[in-house]
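# Geometric and topological summary
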Amino acid sequence: MDAAILALRGGSHAEEVLGASEQGAADLAEAQYTVGEGPGVEAFTSGSPVLVPDLNIEQVRWPGFAQAALASGVAAMFAFPLQLGAIRLGTLELIRHSPGGLPSDELRDAVLAADLGAAALLRQARSAEAEGHEFAPEPVRSYQDVNVATGMLAAQLHIGLDDAFTRLRAHAYSRNRSILEVARDVLKRRIVLDELAE
Amino acid sequence: MSRHPRAGGDPGTLPSDLTGAVAAITARLVGTPDNDTVLRLILDVGTELLGASAAGVLLSRPGGGLEVVASAGKTRFLESLQTDIDQGPCVDSIAMATVISSTDLAEDGSRWPKFVPAALAAGFRAAVAVPLRLDGQAMGGFNLLYDTEMTLERWQLELAQVVSDLAVLALVQERGGRRSDRFLEATVTALNGRVQLGQAVGVVAGTLGIEPAAAQAAILAYVHENGRALREVTGAITGGTLDPAVVAGDQDSA
């Protein structure tokens, strides 16, 4: 594998990148978050591994994400849900720069790694409780600025939070920018609200 | 022959259905499986995927000693551990909260002078003990006994540790109600709580035209002044039932 992402996921906008093997992997995670689609999103919602040996032929499945991923040199991606019992915590996503399937032994290792990741998160949550504070892992990329910008837009434009988030996302996507950059522009008031008001 | 001995489940080679088996482990835990199901599953992993002749889940008793809570295979010797023997891989594994293994018990007679002769007499040649860890301490062990010399491969040890974590979940559930579920939920709830705080900060900042840092300070001050839970307050702000002006006003008067 060329790169890996460990993402904590709670819902459609609730996400933090807990681990990324390199800057490019964190950027790919963010590209997925920006467009709201991709193997990781699908593995989390479906609860099953999503194996994509060749992103080129999945351009219809995830038009926005596939385009961004291919442009950054990603050719294959394999996403595994982190879950224990009925509760799903996030995803482990493995990235390759050349196309090709996952041999069964690597698939096995990946499934085990995802289970280990889930168990490790559980262990962290337990020790946080034992020490009397809330579970708050250090993300390598936090989308908190997006959440703040979402709330700000909702208040300023008198729209719902979901609608505000969708507008941030649409603005980023249409200008080929990352959603975090757009969010920071909103927070610094560098973007005229009319641009986002549609 | 002794390099790759054939025990119950052919541990020297990779079972072709391992991925399926691991997926099945997870699948069998979806919903609210009872403890017996989880423990049975763990023992199946021990005797099938890890090829042990005997597998057992043992817990430390609060007053000392061990209790066998589940076992499979040739279990008589395992059962005897809880009454007769105060040493061995399981005892060490719990004491040190780490994996202890003996690939050839006959070589480890001086390490456990009472355990080894008893294990050999019962027909076992190798042993692996994986700690059941909770809050950094071992509450018991997942124990594997082999009737031939045996070296587990790394993936097998990882698998043993994963199922040990599942055993802890199952056992904690029985002893502490929904405690383990709470740990899992806590990770998701904490994430959603952070998202909600961010949005609430944005709503206050956007409504009042102040900086996010000031908005966050106002929210935290309001929570403190009114003795309310942070999550309740941020939920009220994002839900539109708490006026940002009230939140900030409270801070001014504080």
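The structure displayed is predicted, hence computed values, not measured ones. (Residues numbered from 1 in each chain as written. Chains lettered and ligands numbered in written order. Predicted model: local features only at pLDDT ≥ 70, side-chain atom pairs only at ≥ 80, totals over all residues. Heavy atoms only, no water.)

### Thoughts on the overall build of chain B
When its secondary structure is counted, chain B shows 10 helices and 5 strands. Partitioning the intrachain contacts of chain B with sequence separation of at least 6 by distance along the chain shows that 59% fall at a separation of at least 24. As presented, chain B carries roughly 10900 Å² of accessible surface, and 51% of it is formed by carbon and sulfur atoms. (Helix = DSSP H or I, 4+ residues; strand = E, 2+ residues; numbered from the N terminus. Contact = heavy atoms within 4.5 Å. Areas by Shrake-Rupley, 256 points an atom, 1.4 Å probe, with all protein chains shown as cover.)

### Comments concerning the packing of aromatic side chains
By the definition in use, this model includes 5 aromatic pairs over all chains. Between A:Tyr33 and A:Tyr143, the aromatic rings sit 3.7 Å apart at their centres with planes inclined by 5 degrees, giving stacked as the arrangement. Here A:Tyr33, found in helix α1 (residues 23-35), pairs with A:Tyr143, found in the loop between β6 (141-142) and α5 (144-157); they are 110 residues apart in sequence, far enough to count as distant. Its relative accessible area of 1% is what places A:Tyr143 among the buried residues. Judged by centre distance (5.8 Å) and plane angle (40 degrees), the ring pair of B:Phe77 and B:Phe124 falls under tilted. Of this pair, B:Phe77 sits in helix α3 (residues 76-84) while B:Phe124 sits in the loop between α5 (115-121) and β4 (126-134), and the two are 47 residues apart along the sequence. Residue B:Phe77 shares its accessibility class with B:Phe124, and that shared class is buried. A network of ring pairs unites the aromatic residues B:Phe77, B:Trp112, B:Phe115 and B:Phe124 as a single cluster. (Phe/Tyr/Trp six-rings, centres within 6.5 Å; stacked < 30°, edge-to-face > 60°. Buried < 20%, exposed > 50% of the residue type's maximum accessible area, 1.4 Å probe, protein only.)

### So, the pattern of salt bridges
On inspection of all chains with the given rule, the structure shows 19 salt bridges over all chains. With a shortest N-O distance of 2.8 Å, B:Arg194 and A:Glu16 are connected by a salt bridge. Taken together, the residues span two chains, with B:Arg194 in helix α7 (residues 179-208) and A:Glu16 in strand β2 (residues 15-20). Judged on exposure class, the residue B:Arg194 and its partner A:Glu16 are both buried. Taking the shortest distance from any N to any O, the salt bridge between B:Arg228 and B:Glu232 comes out at 3.1 Å. Using a relative accessible area of 28% as the deciding quantity, one classes B:Arg228 as partly exposed. Owing to a relative accessible area of 44%, B:Glu232 belongs among the partly exposed residues under this scheme. (Salt bridge = Lys/Arg side-chain N within 4 Å of Asp/Glu carboxyl O.)

### Side note on the layout of surface pockets
Residues and elements named next belong to chain A. Of the pockets and cavities examined, the largest pocket occupies roughly 400 Å³. Lining the largest pocket we find 17 residues, and of these Ala31, Ala68, Asn176, Arg177 and Ser178 sit closest to its centre. Put simply, the parts of the chain that give the lining of the largest pocket at least two residues each are α1, α3 (63-71) and α6 (161-174). Residues that form the lining of the largest pocket fall into these classes: 8 nonpolar, 6 polar and 3 charged. (1 Å grid on protein atoms, 1.4 Å probe; cavity = no way out; pocket = protein on both sides within 12 Å on 5 of 7 lines; lining within 4 Å. Points joined across faces, edges and corners; volume = space filled by probe spheres on them. Nonpolar A, V, L, I, M, F, W, Y, C, P; charged D, E, K, R; others polar.)

### Comments concerning helix α7 (residues 179-187) of chain A
Residue and element names in this part refer to chain A. Counted residue by residue, α7 has 7 buried out of 9 residues, so it is predominantly covered. Along α7, the positions that sit buried rather than exposed are Ile179, Leu180, Val182, Ala183, Asp185, Val186 and Leu187. At the N-terminal end of α7, a side-chain oxygen is found 3.2 Å from the backbone nitrogen of Leu180, two or three residues along, and the residue is Ser178. (Polar contact = N/O pair within 3.5 Å; in protein donor to acceptor, adjacent residues only side chain to side chain.)

### Here's the deal with the sheet that holds strand β3 (residues 50-52) of chain A
Residue and element names in this part refer to chain A. On the basis of which strands lie adjacent, the open sheet formed by 6 strands has the order β3-β4-β5-β1-β2-β6 and antiparallel pairing. Both edges of this open sheet fall to β3 and β6, since each of them pairs with a single strand only. Contacts between helix α2 (residues 39-46) and the sheet are confined to β1 (3-9), β3, β4 (76-84) and β5 (87-96), with β5 contributing the most and set at about 150 degrees to the helix. (Pairing = 2+ DSSP bridges. Axes fitted to C-alpha atoms, helices over the stretch in contact; angles between N-to-C directions.)

### Re empty space enclosed by the protein
All names here are of chain B. Summed over the entire model, instances satisfying the criterion amount to 4 cavities of 30 Å³ or more. Looking at the second largest cavity, its volume works out to about 50 Å³. Listed by contribution, the elements that provide at least two residues to the lining of the second largest cavity are α4 (89-96), β4 and β5 (137-146). No other element matches the 3 residues that β5 contributes to the lining of the second largest cavity. Residue composition of the lining of the second largest cavity, grouped by class: 8 nonpolar, 1 polar and no charged.

### So, the confidence of the model for chain B
Residues and elements named next belong to chain B. Averaged over all residues, the pLDDT of chain B is 78; the fraction at 70 or higher stands at 75%. Taken as a whole, residues 1-17 scores under 50 in pLDDT and shows 25 contacts with residues more than four places along the chain or in a different chain. Contacts from residues 174-180, a stretch scored under 50 in pLDDT, to residues over four places away or in other chains number 11 contacts. (pLDDT = per-residue confidence, 0-100.)

### Let's talk about the sheet that holds strand β3 (residues 100-102) of chain B
All names here are of chain B. Pairing within the open sheet is antiparallel, and its 5 strands lie in the order β2-β1-β5-β4-β3. Unpaired on one side and paired on the other, β2 (66-73) and β3 mark the two borders of the sheet. On average, adjacent strands in this sheet sit at an angle of 15 degrees to one another, irrespective of strand direction. Where strand β1 (residues 54-60) lies against β5, 6 bridges are found, and the strand directions are antiparallel. Pairing of Ala55 across the sheet is with Leu144, part of β5. Along the sheet, α4 makes contact with β1, β2, β3, β4 and β5, crossing β4 at roughly 30 degrees.

### Remarks on the side chain of A:Glu93
All names here are of chain A. Residue placement: Glu93 occurs in strand β5. According to the relative accessible area criterion, Glu93 is buried, its value standing at 0%. When near neighbours in sequence (up to four residues on either side) are disregarded, Glu93 contacts Ala3, Ala4, Ile5, Ala7, Arg9, Gln32, Gly40, Met77, Phe78 and Ala79.

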